[in-house]
Amino acid sequence: MPNDANARDLPRAYLCRRYPSTIEAALHERYRLAVNDDDTILPSDEIARRAAGAQTLFVSATERISGDVMRALAPTLRHIATLSVGYDHIDMDTARASGIRVLNTPDVLSGACAEVAMMLVLNACRRGYEADRMVRSGAWPGWAPTQLLGLGLEGRRLCIFGMGRIGRAIAARARGFGVEVHYHNRSRLPADQELGARYHATLEDALRHADILVIAAPGSPSLKGVLDADRIALLPPQAVVVNISRGDLVDDDALIAALQGGRVHAAGLDVFANEPRVDPRYRHLDNVFLSPHIGSATTQTREAMGWLLIRGLETLRAGGQPANLLC
Ligand code: DGY
């Protein structure tokens with residue numbers, strides 16, 4: 001913690017959510033830092049009120065940083081640093097137009113997110129929720145030849161929608177389970193990144209080949225509701241749907257109807273529209289494995305994300321262009 005005399009010379013910053021303690025300690029050394037101690041999700045107008053006078057705003061995927069927030073903080077705000085790879089919660093047009101620099105945390109979380117993608121795939125295919133509940137509730141009558149039979153991965157086509165860094169990390173892990181990797185992306189990857197995965201130029205064609213669909217495309221208004229009833233109808237019978245991107249890419253009414261009717265065999269979901277208010281119908285479906293947006297939630301990953309922001313801001317101040325600068 002800097003002494004008071006030094007603290008007066010430090011840039012002012014506001015921390016909207018609690019970061020790991022090592023990162024907060026590093027921030028206190030570098031900024032005159034005010035912290036949202038309660039770690040509640042702050043509404044936009046409250047952020048604008050609490051962060052008044054800050055040059056740097058530290059946020060995460062839970063804060064909506066609208067144009068209004070930026071305009072309210074405009075007299076001093078120079079940087080927004082988000083502890084997330086996704087930046088759909090930030091009005092990037094206003095940031096660009098206002099000269100506010102925005103940094104995010106790519107790369108360092110790809111492995112952790114890929115692990116959770118595989119956790120969802122495995123639990124959806126192998127009935128992880130029902131299995132856990134059977135043991136935990138004391139209802140397990142003992143081993144039986146026909147008990148909790150699931151879908152094996154070997155030989156199935158696992159189709160990744162969004163073959164960026166996280167998508168490729170998922171592909172690398174999925175290959176170890178003997179699946180055939182397919183993908184859809186805006187553009188085809190070079191052979192050294194594709195590594196034998198089969199490219200589909202349209203999402204519709206990709207869906208026809210998706211025994212297991214893993215949604216890893218970045219959140220964006222243009223993809224809202226992209227997995228709707230018409231596209232779900234293209235999936236092969238007994239398909240499994242996994243989402244680690246953003247909840248609003250899925251049309252919940254359509255997916256829930258497909259899960260209830262058996263058109264989709266199972267799902268694994270780590271992200272939801274309107275988090276944390278999960279559509280209650282998901283909670284009543286045995287063929288859905290749910291987790292609370294934990295893609296990047298490992299200690300080492302969250303620390304690496306924090307350091308990426310700190311180093312990026314230092315590079316910017318020194319007149320450089322950090323690799324994680326979005327605008
Ligand atoms: C990300 O980094 O975008 C994750 O979804 C966590 O917010």
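Conventions used here
Sequence order as written defines the numbering, with residues in each chain counted from 1. The predicted origin of the model limits local features to residues at a pLDDT of at least 70 and limits the giving and counting of side-chain atom pairs to 80 or more, whereas totals for whole chains, interfaces and linings rest on all residues. Water and hydrogen atoms were dropped before computing side-chain values, which therefore reflect all heavy atoms in the structure. UniProt positions are given in the numbering used here, feature names are shortened, and annotations may be inferred rather than shown by experiment. The numbering of helices and of strands both runs from the N terminus, where a helix is a DSSP run of H or I of at least 4 residues and a strand a run of E of at least 2. Multiplying 1.5 Å by the residue count of a helix minus one yields the expected span of that helix. Type-normalised accessible area, obtained with a 1.4 Å probe on protein chains alone, sets the label of each residue: buried when under 20%, exposed when over 50%, and partly exposed for intermediate values. We call two residues in contact whenever any of their non-hydrogen atoms come within 4.5 Å of each other. Only one rule defines a salt bridge in this text: a Lys or Arg side-chain nitrogen within 4 Å of an Asp or Glu carboxyl oxygen. Throughout, the term near means that a residue has one or more heavy atoms lying within 4 Å of the molecule or strand in question. Each polar contact in these results corresponds to two N or O atoms within 3.5 Å; when the atoms are within protein, one needs to be able to donate a hydrogen and the other to accept it, and residues that are neighboring in sequence are counted only if both atoms are side-chain atoms. Only the protein chains shown count as covering a residue, and every accessible area follows the Shrake-Rupley method with a 1.4 Å probe. Throughout this entry, Asp, Glu, Lys and Arg are counted as charged residues, while Ala, Val, Leu, Ile, Met, Phe, Trp, Tyr, Cys and Pro are counted as nonpolar. The remaining residues, Gly among them, count as polar. Strand pairing requires that DSSP identify at least two bridges connecting the strands. By convention a crossover is right-handed if, when the strands point away from the viewer, the path from the first strand over the helix to the second runs clockwise. Note that the domain bounds were set by an automatic or database domain assignment. By buried area we mean how much accessible surface two parts lose on assembly, using a 1.4 Å probe and totalling the loss over both.

- The name recorded for the protein chain in an unreviewed UniProt entry is D-glycerate dehydrogenase, from Bordetella flabilis.
- Among the UniProt annotations of the protein chain, the heading Sequence similarities (unreviewed entry) holds the following wording: "Belongs to the D-isomer specific 2-hydroxyacid dehydrogenase family."

1. Some details on the UniProt feature "domain: D-isomer specific 2-hydroxyacid dehydrogenase NAD-binding" (unreviewed entry) in the protein chain
Working step 1: UniProt annotation of "domain: D-isomer specific 2-hydroxyacid dehydrogenase NAD-binding" (unreviewed entry) refers to residues 118-295 when read in the numbering used here.
Working step 2: Within residues 118-295, the helical portion is 31% and the strand portion 17%, while the C-alpha atoms at the span's ends are 10 Å from each other.

2. Details of helix α14 (residues 299-317)
Working step 1: Given a rise of 1.5 Å per residue, 19 residues ought to cover 27 Å, and the 27 Å separating the end C-alpha atoms of α14 matches this to within 8%.
Working step 2: Taken together, the buried positions of α14 are occupied by Thr-301, Met-305, Gly-306, Leu-309, Ile-310, Gly-312, Leu-313 and Leu-316.
Working step 3: The inward-facing, buried residues of α14 contact α2 (21-30), β3 (56-59), β4 (79-82), β5 (101-103) and α6 (110-125).
Working step 4: Gly-319 lies just past α14 and shows a positive phi near 90 degrees.

3. Some points on the pattern of salt bridges
Working step 1: Summed over the entire model, instances satisfying the criterion amount to 21 salt bridges.
Working step 2: Its salt-bridge partner being Arg-157, residue Asp-211 comes within 2.9 Å of it at the nearest N-O pair. Placement of the pair is Asp-211 in the loop between α10 (203-208) and β9 (212-215) and Arg-157 in strand β6 (residues 157-161), with a sequence separation of 54 residues.
Working step 3: Classification of Asp-211 by relative accessible area gives buried; the value is 15%.
Working step 4: The salt bridge partner of Arg-188 is Glu-194, with a shortest N-O separation of 2.8 Å.
Working step 5: Among the residues examined, Arg-188 registers a relative accessible area of 54% and is labelled exposed.
Working step 6: In the salt-bridge network here, residues are joined through shared partners; they are Glu-29, Arg-30, Arg-311 and Glu-314.

4. Re the UniProt feature "domain: D-isomer specific 2-hydroxyacid dehydrogenase catalytic" (unreviewed entry) in the protein chain
Working step 1: Mapped onto this structure's residue numbering, the UniProt feature "domain: D-isomer specific 2-hydroxyacid dehydrogenase catalytic" (unreviewed entry) falls at residues 30-325.
Working step 2: Secondary structure over residues 30-325 splits into 35% helix and 16% strand, and the C-alpha atoms at its two ends are 19 Å apart.

5. Looking at the site of the ligand
Working step 1: In the region of the ligand, the neighbouring residues are Ala-61, Ser-84, Val-85, Gly-86, Leu-109, Arg-246 and His-293.
Working step 2: In this structure, Val-85 approaches the ligand through a main-chain N or O atom, which is 2.7 Å from an oxygen atom.
Working step 3: Between an oxygen atom of the ligand and a side-chain N or O atom of His-293, the distance comes to 2.6 Å.
Working step 4: Computed on the free molecule, the ligand has an accessible area of 230 Å², of which 88% lies beneath the protein chains in the complex.
Working step 5: Grouping the amino acids of the shell around the ligand by side-chain chemistry returns three nonpolar, three polar and one charged.

6. Some remarks on the environment of Leu-195
Working step 1: Tracing the backbone shows Leu-195 in the loop between α9 (191-194) and β8 (198-200).
Working step 2: Overall, Leu-195 belongs to the exposed group, its relative accessible area being 54%.
Working step 3: Distance in space between the C-alpha atoms of Leu-195 and Arg-157 is 15 Å, their sequence separation being 38 residues.

7. Re the environment of Arg-49
Working step 1: You can see Arg-49 is positioned in helix α3 (residues 44-50).
Working step 2: Under the relative-accessibility criterion, Arg-49 is labelled exposed at 56%.
Working step 3: In the structure, Arg-49 is positioned 24 residues away from Leu-73 in sequence and 8.6 Å away in space, judged by C-alpha atoms.

8. Describing the pairing of strand β11 (residues 264-269)
Working step 1: By the criterion of burial, β11 is predominantly enclosed, with five of the six residues buried.
Working step 2: As judged from the five bridges shared by strand β10 (residues 239-243) and β11, these two strands associate in the parallel manner. Each residue of the ladder has a partner; that of Asn-243, found in β11, is Leu-269.
Working step 3: With helix α12 (residues 252-261) bridging β10 and the parallel β11, this β-α-β connection has right-handed handedness.
Working step 4: For β11 and strand β12 (residues 288-290), the ladder comprises three bridges, and the chain directions are parallel. By the bridge assignment, Leu-269 is partnered in β12 with Leu-290.

9. Observations regarding the domain arrangement of the protein chain
Working step 1: Domains assigned within the protein chain are domain 1 (12-104 + 298-318) and domain 2 (109-290).
Working step 2: Look at where the C-alpha atoms of domain 1 and domain 2 centre, and you get two points 31 Å apart.
Working step 3: Residue-level contacts link seven residues of domain 1 with five residues of domain 2.
Working step 4: Summing both sides of the interface, domain 1 and domain 2 together bury roughly 570 Å²; the carbon and sulfur share of this comes to 69%.
Working step 5: Remark: the boundary between domain 1 and domain 2 carries one salt bridge.
Working step 6: At the surface where domain 1 touches domain 2, the tally comes to one residue pair in polar contact (both at pLDDT 80 or more).
Working step 7: Classifying every residue of the side of domain 1 that touches domain 2 by side-chain character gives three nonpolar, three polar and one charged.

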